[in-house]
Amino acid sequence: MIFNEATSESNDKFPNKSLLLAVFAACVGGTFQYGYNISVINSPTMYVQDFINQTWANRYQSDISKDALTLLWSTIVSIFTLGGLVGVSIGGTLSIKLGRKRTLLTNNLFSLMAALLMGLSSSAGLFELLIIGRFFSGINAGIALSVQPLYLGEIAPTALRGAMGMGTSIFITGGILTGQVMGLKEVLGKREYWPILLSTTGIPAILQLLILPWFPESPRYLFIDKGDDEACKKALRQLHGAEDCHAALEDITKEKNNLAGFQAKKPWELFADRSLRWQLLTIILLNMAQQLNGINAIYFYADYVFKQSGIPDDKIPYATVGTGACECITALTCGLLIEYLGRKVLITGGYFLMSICCILFTLTLTFQDVSPVFPYLSMACVFAFILSFGLGPGGVTNILTTELFTQSSRPAAFIISGSVNWLSFFFVGLVFPFIIIGLQQYCFLVFLVVCSLVGLYIFLVVPETKNKTFVEIQNDFQSSKNVKLGNSDGAGTILLSTSI
């Protein structure tokens, strides 16, 4: 018995190689694309605007107005968000109809079309292709952000679910960093290379098409949704190893029995289900906060802070790469810590640390000209905020969305959480410039309130999910020793767990 327990613990600590490769295959063509397409568009800004101006002049024999140029460039950048909203709205449905793996593979068509259109835009003299290409990139990112965490959460054993789920965050930050590096002048950041730079989004798609077919569909999807016992067992043996697949199969069987007679729910059905109200409220708040917590403001102020610190203009892109590397390293660190410290400690601690950084950053920006020390303190705040974000909110949010719902509710939950995330992303892009103009450095006091309130909510309401099955987590939200909320009709009682 002791030997078996030791073997089990060892296997928990060291994932099966096939599982790690499956995570890589899912992520490289999934959320990596999201991060890559967010950052890669920044480097060729001036070159693309010159291309639009030149194309306009060739067509209409006059230069484009400054307002029209700004509108077209803003459309190219922001259409990605609209595509993401479309993608996330269909991703959950596709994951039920096609399965998680086939949806991820099919999703690469949008990425390849985007790469082709953006790559041909310059030679064709059509800036409209950039708009369409960015829209397709957004659809690809939206589907990936809703289906990939679903797949990772369902293929991982319970004891490694958090670490494997961190693949989403690690590859997003890896995509951002890769986009920043590819945009350097030493790589593809020169004027003549910008169409090639934007078309490189097709490379991760090709990689996924080559690698992911060698790995199985989600065992939970095969067993619970399709009723294919043998395919589920085969998938578990490949992903977990022959020795560890029995416990996983038992867990999946329990969940299937618990869901007997239930079909996959639609998003609007989740809002009507009183037993899921706290889970739903939690993922909505967390996904809103992920965009409204100030991380975008930090990146906006980063260039200003770097200039104030004496970094030459031509060296600022390298400092920006440093911020991307900082976030990537933090995501990796979070992946290593999440199964030891738990989800709740990391995300709560992350938000409270970000609150402290908001106060310090406001002070250092306010007294920027008082002493030459303050610009360097501001730079330290930039990196501290990014570290705090990557350590908790950046990585744990998607994992909690996976863990707080069972198989029948999970795809619909990802549609809702993804829609909230993308709408918040769009809202920040629309309103943020006005907030900066109106409040300047004091905008971080708004983010202070957001971070503090969300951190407090998680501390008081959200239970720890580490090493718990999906059914156990569901029960934690419906039973508690501390908080009891009675239904108004007296038909039952909703119990809310507040254990840490």
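- Per an unreviewed UniProt entry, the chain is named Solute carrier family 2, facilitated glucose transporter member 11-like, and its organism is Oryzias latipes.
- What UniProt records for the chain under Sequence similarities (unreviewed entry) is the sentence "Belongs to the major facilitator superfamily. Sugar transporter (TC 2.A.1.1) family."
- Here the chain is described in UniProt, under the heading Subcellular location (unreviewed entry), as follows: "Membrane".

### Examining the packing of aromatic side chains
And then number 1: Inspection of the entire model under this criterion finds 14 aromatic pairs.
And then number 2: Relative to F171, the ring of F24 has its centre 5.9 Å away and its plane inclined at 65°; by these criteria the two rings are edge-to-face. Here F24 is found in helix α2 (residues 17-28), whereas its partner F171 is found in helix α9 (residues 167-182), with 147 residues between them in sequence.
And then number 3: Looking at F24, the relative accessible area reads 34%, which means it is partly exposed.
And then number 4: Classification of F171 by relative accessible area gives buried; the value is 17%.

### A look at the packing of helix α22 (residues 410-439) against helix α23 (residues 443-461)
Packed helices, taken two at a time, are described by the angle between their axes plus the distance between the axes.
And then number 1: Contact geometry of α22 with α23 gives a least axis separation of 8 Å together with a crossing angle of 120°. As the angle between them shows, α22 and α23 are arranged oblique. Every residue of α23 that contacts α22 at F432, I435, I436 and L439 is listed here: C443, V446 and F447.
And then number 2: Residues belonging to the contact of α22 with α23 are distributed by class as follows: 7 nonpolar, no polar and no charged.

### A word on the packing of helix α7 (residues 128-155) against α22
And then number 1: Two elements in contact, α7 and α22, have axes separated by 10 Å at closest approach and are oriented at 140°. Taken together, the axes of α7 and α22 lie oblique to each other. Crossing hand, α7 versus α22: right-handed. For the pair α7 and α22, the contacting residues are A141, G142, L145, S146, P149, L150 and E154 in the first and R410, P411, F414 and W422 in the second.
And then number 2: When grouped by side-chain class, the residues that make up the contact of α7 with α22 number 7 nonpolar, 2 polar and 2 charged.

### Let's talk about the domain arrangement of the chain
And then number 1: What the domain assignment reports for the chain is domain 1 (15-215) and domain 2 (269-476).
And then number 2: The gap between the C-alpha centroids of domain 1 and domain 2 is 22 Å.
And then number 3: Summed over both partners, the interface of domain 1 with domain 2 comes to about 3100 Å²; 69% of that surface belongs to carbon and sulfur atoms.
And then number 4: Here domain 1 and domain 2 share 2 salt bridges between them.
And then number 5: Between R410 and E154 there is a salt bridge; the shortest N-O distance is 3.0 Å.
And then number 6: If you list the elements that add at least two residues to the side of domain 1 that touches domain 2, you get α3 (31-39), α5 (66-97), α7, α8 (161-165) and α9.
And then number 7: Broken down by element, the side of domain 1 that touches domain 2 gets its largest block of residues, 10 residues, from α5.
And then number 8: Residue composition of the side of domain 1 that touches domain 2, by class: 18 nonpolar, 17 polar and 4 charged.

### Quick word on empty space enclosed by the protein
And then number 1: Taken as a whole, this structure holds 1 cavity of 30 Å³ or more when the rule is applied.
And then number 2: Within this model, the largest cavity holds a volume of roughly 60 Å³.
And then number 3: Every residue along the wall of the largest cavity is listed here: P149, L152, G153, R161, G165, T168, N398, I399 and T402.
And then number 4: Looking at the lining of the largest cavity, the elements with two or more residues in it are α7, α8 and α21 (393-403).
And then number 5: In terms of domain composition, the lining of the largest cavity takes at least three residues from each of domain 1 (15-215) and domain 2 (269-476).

Rules of the game
- Residues numbered from 1 in each chain as written.
- Predicted model: local features only at pLDDT ≥ 70, side-chain atom pairs only at ≥ 80, totals over all residues.
- Heavy atoms only, no water.
- UniProt positions renumbered as here; feature names shortened; annotations may be inferred.
- Phe/Tyr/Trp six-rings, centres within 6.5 Å; stacked < 30°, edge-to-face > 60°.
- Helix = DSSP H or I, 4+ residues; strand = E, 2+ residues; numbered from the N terminus.
- Buried < 20%, exposed > 50% of the residue type's maximum accessible area, 1.4 Å probe, protein only.
- Axes fitted to C-alpha atoms, helices over the stretch in contact; angles between N-to-C directions.
- Parallel < 35°, antiparallel > 145°, perpendicular 65-115°, else oblique.
- Contact = heavy atoms within 4.5 Å.
- Nonpolar A, V, L, I, M, F, W, Y, C, P; charged D, E, K, R; others polar.
- Left-handed = near helix turned anticlockwise from the far one by under 90°.
- Domains from an automatic or database assignment.
- Buried area = accessible area lost by both parts, 1.4 Å probe.
- Salt bridge = Lys/Arg side-chain N within 4 Å of Asp/Glu carboxyl O.
- 1 Å grid on protein atoms, 1.4 Å probe; cavity = no way out; pocket = protein on both sides within 12 Å on 5 of 7 lines; lining within 4 Å.
- Points joined across faces, edges and corners; volume = space filled by probe spheres on them.

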